[in-house]
Structures are given as structure tokens and as C-alpha cells.
Amino acid sequence: MNRKFFNISLVIALIIFLCGFSAAQKSTTKKVTLKKVENTDPALRLKWHEQHMSMKNSTPFKNLKWRYIGGELETQGGRCTDVEVPRNNKKIIYVATASGGLWKSENAGVTFEPITDDFPTLSIGDIAVSESNPNIIYVGTGEANIFRASIAGTGIYKSTDGGKTWQHCGLTDTNTIARIRIHPTNPDIVYVAASGHEWTYNPERGVFKTTDGGKTWQKVLYVDEKTGCIDLVMDPKNPDTLIASMWNRIRQRWSDPIPEDGDYLYKTTDGGKTWKKLTNGLPDTKYTGRIGLDLCASKPNVVYAYVDNHTPTRQPSPNERDSYGRLRTYPDIVGAEVYRSDDQGETWRKVNPSDRLFERFGGTYGWVFGQIRVDPNNENVVYLMGLGLYKSTDGGKSWTRLYWENLHGDHHGLWIDPDDSDHLLNVNDGGCNVSFDGGKTWQDFYRKIPAIQFYTVAFDLQKPFTVYGAVQDSGTHRGLGIAPITETAQTGQRRFRMARLRWERAPGGEGTTIAVDPSDPNIVYSSSFYGRLMRSEYKNGTWTSKDIYPRPAEGEPEYRGQWLAPTIISPHNPHIIYHGFQFVFRSLNRGDTWEKISPDLTAFDPKKQGKLPYAIPYATLTALAESPLKFGLIYAGSDDGRVHVTRNGGDTWTEITAGLPYNKHVWCIEPSKFDLGTVYVALIGRHDDDFAPYVFKSSDFGKTWINISSNLPGGPTNVIREDPKKKGVLYVGTDFGVYVSTDDGQSWNYLGSGLPNAPVWDLKIHPRDNMLIIATNGRGMWVIDDLSPLQK
């Protein structure tokens, strides 16, 4: 950076600070009453997918190739949700991932290949392989676990040739599917546990049955529009007998599911015609949530239930904080409980001890877990999955954690070989593991299933440069050694060269916004876990980190910070940092001290604030951006759909929400590099189960907005960026991939070739090397090496 320019910028910033703009903060707002849009028509979602595939196949930019650059570590692949193996061929393994599609191995895990990359969604909830015809596979899309990165599915898919081809079999509007059970001798008879929409009420949830291989479905168990089916077991000796676990799965934008009366188990003995509640011996449902189920295949009268019991116990100590640094205002709970029935659910008894292990078995997030498995050959061998993987050999009386150096945490599925109970396959937030000794030791397939869930991407200006990204349940990773594009003198053709990319851990948590100092690549800002910002310096091969986030004054309420709280470095001075809670804060000295430069820029409503541990921070800032053309021209967006602008460094703020869709989460704001008054905004409706594209442009600092979604085939539209070299070239990341406009949003084309239908949650353009870098939430990080064809 030019030293003279740096000094002038710093002087200007100090003048602003000394003048005390923050003392005269004002916000000009206009009350806007608009209709809330939610629950996209499922037929429209499928139509958008068809449009996307057509645009993908006919794009004029096929010659721009996507190249995978990774993201996985030795002990981290990506979050997986289920694993199945056909009984007639143990070399075949199917692994479902949370947002990276379905993967298949035909050589016992030596290699894996994705087999659903063209699906409308790569979020897989469950897999079922027919026992009578292993070529028949049913896949339920939409992960049923409640996660920050949950992505909706589009129903049931069926293959009759081992995954080579697929047909859609309906139930599109279920959005999430927790379990599929296939009749042991007739693969046309299938039951589906549909957990339903995550954020909104809908009737397409409960237990569904088909008797014609998925051509038609009958809803055979239904409670109401907020209660779905989260687990389902079938008696293999009498397949008309099933037990279903029903769960109030709805969450709000400010609260995860709160246990309430009505989460019951139901049993049918006539193939779903009639059902009865099972309650004898189970805890009262007032405080119980999700219940997982399994039975012993060789003794199907033995059934186990894994109950998430939120009955309060110990009260917190004064000033006690949780693992995310939040003040604890809630008690401990009973936690995980294991119940056993020896008469197929008619009566139950608790079998696990009541101790600290089970109190904290799922952390404070019991709704994330709920998987239990019983050895098909021994009714007393049980596996329980939560933060750790535990095994009991005495029917649940005592438990041992299955530790191993490469066994990741947060467990979501387990397959037990019916012919060899020591042969296990486990799926977790790190990927898939295999054991041949009953869980004593494990091997992993992490790097063979690169389903890494990135939230964000950032880079430095070293040569070659380094990329950073925040990964679900793995913290922040960085990849070193992306080499620039070189040109051969002999042919004049561009040749892509890349040093081997080495990935390692970097400062920050799993949900982290990263900003790298452009003047010093060894200084990194990481805003993780609800706005807990830290500054880290890399020196002599190690990181030194310091918490620098602004704290409330004594007596002031805790600040509200989003999971991905926004942090940016001023493009005019690398010492100036902006950070967002519900207020915008500015630091002139790299975070050592802070100044509040805005009022609350959200539509805060006390009625829309959750209670810990269920609370999701809401009415928080989610996007910050400063114009590269003018210091102090700053835009701020919130998760409740508000957008504000200040043109004088925070002295006054004006709400510019009018003309934007009501109450949608503002995911990205991009001020133009070419026109002072031009700004672009991308919003998402995922939290309303609204999947429309929302991309807008203003040429007058937000006074008026133009919808530039144009021919984009659906959304959510997670990010928008302007090309740094060519005016009018825009890039948008959606849950289908990346689209580009060369006419300032009047029309869009699919960008490149070789990218699966992966959700793109962030993208950046390296200004020196002219490379486009994207963070997918399910398939790692990718690049296009040279954007010059779009800039000509």
C-alpha cells in the first residue's frame, strides 16, 4: 500500500473519531408493511431444477473449467448422515452426506464416486437398499437433523440399477426425510418417515406408504402441520408391524425446537391402517423432544428408544457461560435417556445410568442427534450416537466410549454387518469410518468423500496466495500455495499451474467470517460463534490469538451476534475494522479499542427472541460493506430483512429497505467498484422455506431498487460479487451453483463446467491473479483459474 495514502487515510479516520460522529448517531427509517412470502410451491422448485440443468448444459461458458482445490484435512472430510451396504455384496458401500450428495464405493471403500450430482438437492436424509433386490435403492432427500447448514430436499428418488439412473418418486414438499423402510420381500412396499419443513408449517409430514414402488403414496400416520416422523422401525419377521417416533420439528428464526407435549411413539400391526400410542414406562412428553428407535433384527420384540429429555435439573452458577461464551440463564437437563422394551413397545423401562455423561450427551443440542443401533445378532449390544459414539454390551446398563485417533465427533449413523457384528461403518461430522473389531479401532474414508461444508472464503495477497474457509464442525481451514496463471511464450496459450495445495487449521471456529489484512498476510481476523471476534498473528510457525470483540458496558444487555457475524477491513485503511452485532462497531487500531457508530439497525422485537439453550440469535447484522470508492460510505444488512446506509462514517443512518422483499435474510451486500451510488444485495428466504432468487441493484445509494434476478432458476441466492476489472460483470452463488451476468443483471448464464449441483455459500475474486474462488457447503472449495474470457 502507498505509505502516503495510508497516512492520509489514517489522519482522516482519526479526525472522524475525534469529531465523535458516534455521539450524534441518527437513523432515518421508513415504516414498510409488506406481505411475508414463504413455502415455495414444490412443483416450481422442480421446474427451476429443469431450467438450471438446461442452462448448465447450454452455457456459452463451458470452456471455463471448475477445478477442485479441496478443504479436507487428514481427520476431516464432510458431514455424513447415513451409510448402507447390500447384504449380498459387502464391497458396495453407499454413504449419504448432509449437503454433498450420495457416494458409492464398489471396492469396499478404496474409492468412492458421487452418484447424485445432478439432483435438485445434494442434501440426503436417508438411504434404503432392498434386501430382496439390492439393485433397488430409495433415497430420501433433505437432512432431518436440525443444523445451521440444513438444506431442504425434494422428496424421494429411486434407482433400479444400483444408482446408475434415478427417477423422482414424489413427496417433494416433505423437504426432509428421516427414515425409509422397505418390505423385506416386496420392494414395492415402502414406508417413509417424513419430518417435514424445518421452518414453516406444512401438511406433508408423518408416515407415508407406497405399494406400487413409489408411483403413489398414502399418508398413513399424521398428527398435525408441525409434527413430523423422525424415526421408524419395522419388524423384519412381521413387516406389517412398525413403530414410529413423532416429533414437533418446527423451529423459528429465533429458536430451535422447544420440547412440548405431543411427541409420542406410535405402533401399527396392520401395515399402517391403525395406530396406537406407546406410553407405558416412557417419560412424560412435556419435556421430551426427539426420540430415536431401533430393534434387534433377530429378536424384534426387543426395542430401544433414545429419548432427548429436557426436564430441568441443576441451575447455573452466577456468571456461568456456555461453550460459545454466552451467559448461561438455563439449567442443566436430564439429557439422553435409553429405554428398553421386551414386548415390542407395550412396556418400557429406563436402562441407562443418570449421570453427567448422559446429561451432556448431546451438548445442549439434543435435536441434532437421536441415533441408536442394536446389534442384529445380540439384543444386549447397543450403540448410542451423540457428541461421541458409545457402546453397551449389557443392554444399556453401562457404556464405553469408542475412542480412536481418527474417529471424528458428532455421530449420525451406524451400519452393523448382519453376518459379522464386529464389522461396523459409522458416519459423523467428519465423514465415514470403518471398524473390523467391534469399534476398538477405526480406519477412515475422509479424504475419499470430500463433502466439506464451507461457510465462507477469504484470501491473502501473498504470491502464491492462501485461501481461508470456515468448515462445519472443524473450525477454520486454510489452503496454502495457489500459484498464479502462467503463459507459455511458445504458444501464447494459457497454462494452468498449481503447486500442491496443503490444507491446515487456521484461527477461527466452524461458523467464522474471516478477513485477512491486505498489508500483512500474517494478520487474520476471525469472527466466530455469535460475533466473538479475535485477531491472530502468524509468527515463527505458530498462531497467537487475542479476543478483540467489543463488550457491552456494565449493566448493558449482551450484544446480539449472528452465527456468521460480519467483520470487514476497510478498503481504505487496513487498520480500520468494522464489526456487526445489532450495532455497527468501528476500530481505528485493529480492534484494540472500539466505537459504536450506529444505533440498533434491526427490527428488534422482544417477542421474537428465543430463550437459551434453544435461542438462535435474531435481529442481528449479517452483512457489512464499505464502498471501495469512498471512505465512510457503509451499508449494513440484517437477518430480519433491514438494510441501512451511512454516507458519513456513521453520523447518520438511513433505512433503505423499501423495495426489497419483506423480512428476508440479507446475506451479502456488494458496493460497486465503478459507480459510487451503485450497490448490489443478495437475500435468502431459506428461513421461510422460500427458495426464490432475490438479487437487487440500486444506482442511487439504495433509494430505489431494481430486481435483477431475471432468468435465475431459483435460489436461494447466497452471494453476489462484482467483477473487479469489468463493469457490468456479476457473479451469483446459489444452491445450484454459480451464475454470471455480463450485462449488469439483465440476464444470467450458468458459469463453467465440472461443478456438481452444490450450494455455493460464498465467492471471491482474487484481484491480482484474476481467479474466482468459491466455498460450497457440501463439496469443498473450487476455482476458475482465469476470468479474462468474461472480461473481454
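Note that the structure is predicted; figures quoted are calculated from it, not measured.

Analysis parameters
- Residues numbered from 1 in each chain as written.
- Predicted model: local features only at pLDDT ≥ 70, side-chain atom pairs only at ≥ 80, totals over all residues.
- Heavy atoms only, no water.
- Helix = DSSP H or I, 4+ residues; strand = E, 2+ residues; numbered from the N terminus.
- Rg over C-alpha atoms; globule rule 2.2 N^0.38 Å.
- Buried < 20%, exposed > 50% of the residue type's maximum accessible area, 1.4 Å probe, protein only.
- Contact = heavy atoms within 4.5 Å.
- Phe/Tyr/Trp six-rings, centres within 6.5 Å; stacked < 30°, edge-to-face > 60°.
- Pairing = 2+ DSSP bridges.
- Axes fitted to C-alpha atoms, helices over the stretch in contact; angles between N-to-C directions.
- pLDDT = per-residue confidence, 0-100.
- Polar contact = N/O pair within 3.5 Å; in protein donor to acceptor, adjacent residues only side chain to side chain.
- Expected span 1.5 Å × (residues − 1).
- Arc of directions from axis to C-beta.
- Salt bridge = Lys/Arg side-chain N within 4 Å of Asp/Glu carboxyl O.
- Disulfide = S-S within 2.5 Å.

**Things to note about the overall build of the protein chain**
Looking only at helices and strands, the protein chain has 4 helices and 59 strands in total. The C-alpha radius of gyration of the protein chain comes to 26 Å, within 12% of the 28 Å expected for a compact globule of 792 residues. Seen along its three principal axes, the alpha-carbon backbone of the protein chain occupies a region of about 80 × 70 × 55 Å. Burial status across the protein chain gives 65% buried among its 792 residues. Once local pairs closer than 6 in sequence are excluded, the contacts in the protein chain between residues at least 24 apart make up 57%.

**Focus: the packing of aromatic side chains**
For the structure shown, the criterion picks out 23 aromatic pairs. Ring geometry for Phe358 against Phe361: centres 5.6 Å apart, planes inclined by 10°, an arrangement best described as stacked. Seen in terms of ring centroids, Tyr739 and Tyr750 are 5.5 Å apart; in terms of plane orientation they differ by 85°. Their pairing is edge-to-face. Residue Tyr739 is found in strand E55 (residues 738-741), and its partner Tyr750 is found in strand E56 (residues 749-750); the two are separated by 11 residues along the sequence.

**Re the sheet that holds strand E37 (residues 512-516)**
Strand order in the open sheet made by the 4 strands is E37-E38-E39-E40, with antiparallel pairing throughout. The open sheet has two edge strands, E37 and strand E40 (542-547), and neither has a second partner. Each strand of the sheet is rotated relative to its neighbour by a mean of 25°, with strand direction disregarded.

**Focus: the sheet that holds strand E49 (residues 665-671)**
Pairing between the strands of a sheet comes from backbone hydrogen bonds, and it takes one of two forms, parallel or antiparallel. The 4 strands are arranged E49-E50-E51-E52 in an open sheet whose pairing can be described as antiparallel. Strands at the two margins of the open sheet, each flanked by one partner only, are E49 and strand E52 (706-707). In this sheet, strand E50 (residues 679-685) lies alongside E49 in antiparallel orientation, the contact comprising 6 bridges. Residue pairing for E50: Cys668 is matched across the bridge by Ala682.

**A few points about the confidence of the model for the protein chain**
Residue-level pLDDT values for the protein chain average 92, and 93% of them are 70 or greater. Note on residues 1-33: pLDDT is under 50 here. Beyond four places in sequence and across chains, it has 49 contacts. In this model, residues 486-500 is a region of pLDDT below 50 whose contacts with residues beyond four sequence positions or in other chains number 26 contacts.

**Thoughts on the environment of Glu337**
Residue position: Glu337 is located in strand E21 (residues 333-341). The sequence separation of Glu337 and Gly366 amounts to 29 residues, and the corresponding C-alpha distance is 11 Å. In contact with Glu337, not counting residues within four places along its chain, are Pro283, Ala305, Tyr306, Val307, Asn309, Lys350 and Asn352. Side chain to side chain, Glu337 and Tyr339 meet in a polar contact 3.1 Å long. Engagement of the side chain of Glu337 in a polar contact is seen with the side chain of Lys350, the distance being 3.0 Å.

**Re the side chain of Ser130**
With respect to the helices and strands, the residue Ser130 is situated in the loop between strand E7 (124-129) and strand E8 (137-141). Reaching out from Ser130, the side chain makes a polar contact with the backbone nitrogen of Asn133 at a distance of 3.1 Å.

**Describing helix H2 (residues 42-58)**
Along an α-helix, residues three or four apart share an orientation, since each turn contains 3.6 residues. Across its 17 residues, H2 extends 25 Å between first and last C-alpha, which sits within 8% of the 24 Å expected from 1.5 Å per residue. Inspection of H2 places Arg45, Trp48, His49, His52, Met53, Met55 and Lys56 among the buried residues, and these make up the whole buried set. Burial along H2 is one-sided: seen end-on, the buried residues are contained in an arc of 165°. Of the exposed residues in H2, those oriented more than 90 degrees away from the buried face are Lys47, Glu50 and Ser58. Where H2 begins, the capping side chain belongs to Asp41, and its oxygen is found 2.9 Å from the backbone nitrogen of Ala43.

**A short note on the environment of Met53**
Looking at the secondary structure, you find Met53 in helix H2. Met53 gets classed as buried once you look at its relative accessible area, which sits at 15%. For the pair formed by Met53 and Arg328, sequence separation is 275 residues and the distance between their alpha carbons is 48 Å. Residues within four places of Met53 in sequence aside, it is in contact with Asp118 and Asn757.

**A word on the pattern of salt bridges**
For side chains of opposite charge, pairing can occur when their charged atoms come near one another. Per the counting criterion, the structure on display carries 44 salt bridges. Glu359 is paired through a salt bridge with Arg356; the nearest N and O atoms lie 2.9 Å apart. One end of the pair is Glu359 and the other is Arg356, both in helix H3 (residues 356-359) and 3 residues apart, which spans about a single turn. Judged by its relative accessible area of 23%, Glu359 is partly exposed. Using a relative accessible area of 44% as the deciding quantity, one classes Arg356 as partly exposed. With a shortest N-O distance of 3.1 Å, Arg721 and Asp762 are connected by a salt bridge. Residue Arg721 is located in strand E53 (residues 717-722), and its partner Asp762 is located in strand E57 (residues 760-766); the two are separated by 41 residues in the primary sequence.

**So, the side chain of Arg535**
With respect to the helices, strands and loops of the structure, Arg535 is situated in strand E39 (residues 532-539). We classify Arg535 as buried; its relative accessible area is 18%. A polar contact is formed between the side chain of Arg535 and the backbone oxygen of Arg590, at a distance of 2.4 Å.

**Remarks on unusual backbone geometry**
Note the cis peptide between Lys463 and Pro464, where omega equals -5°. In this fold, Pro464 is placed in the loop between strand E31 (458-459) and strand E32 (465-471). Residue Leu612 is joined to Pro613 through a cis peptide bond whose omega torsion reads 5°. Here Pro613 is to be found in the loop between strand E44 (595-596) and strand E45 (621-626). At Asp689, a residue that is not glycine, the phi angle is positive and equals roughly 50°. You can see Asp689 is positioned in the loop between E50 and strand E51 (690-698).

**Description of the state of the cysteines**
By definition, a disulfide links two cysteine residues through a covalent bond between their sulfur atoms. Counted according to the given criterion, the structure contains 0 disulfides. Free of any disulfide, Cys432 has its nearest neighbouring cysteine sulfur in Cys80, separated by 6.4 Å. Given a relative accessible area of 1%, Cys432 falls into the buried group.

**Quick word on the pairing of strand E16 (residues 242-248)**
Among the 7 residues in E16, 7 count as buried, and that is most of the element. Alternating residues of E16 divide into Leu242, Ala244, Met246 and Asn248 and Ile243, Ser245 and Trp247, and every residue in both groups is buried. With 4 bridges joining them, E16 and strand E17 (residues 265-268) adopt antiparallel strand pairing. Each residue of the ladder has a partner; that of Ser245, found in E17, is Leu265.

**Some words on the environment of Glu504**
You can see Glu504 is positioned in strand E36 (residues 502-506). Given the relative accessible area of 18%, Glu504 is considered buried. In the structure, Glu504 is positioned 424 residues away from Cys80 in sequence and 21 Å away in space, judged by C-alpha atoms. The contact partners of Glu504, leaving out residues within four places of it in the chain, are Leu73, Thr476, His477, Arg478 and Leu480.

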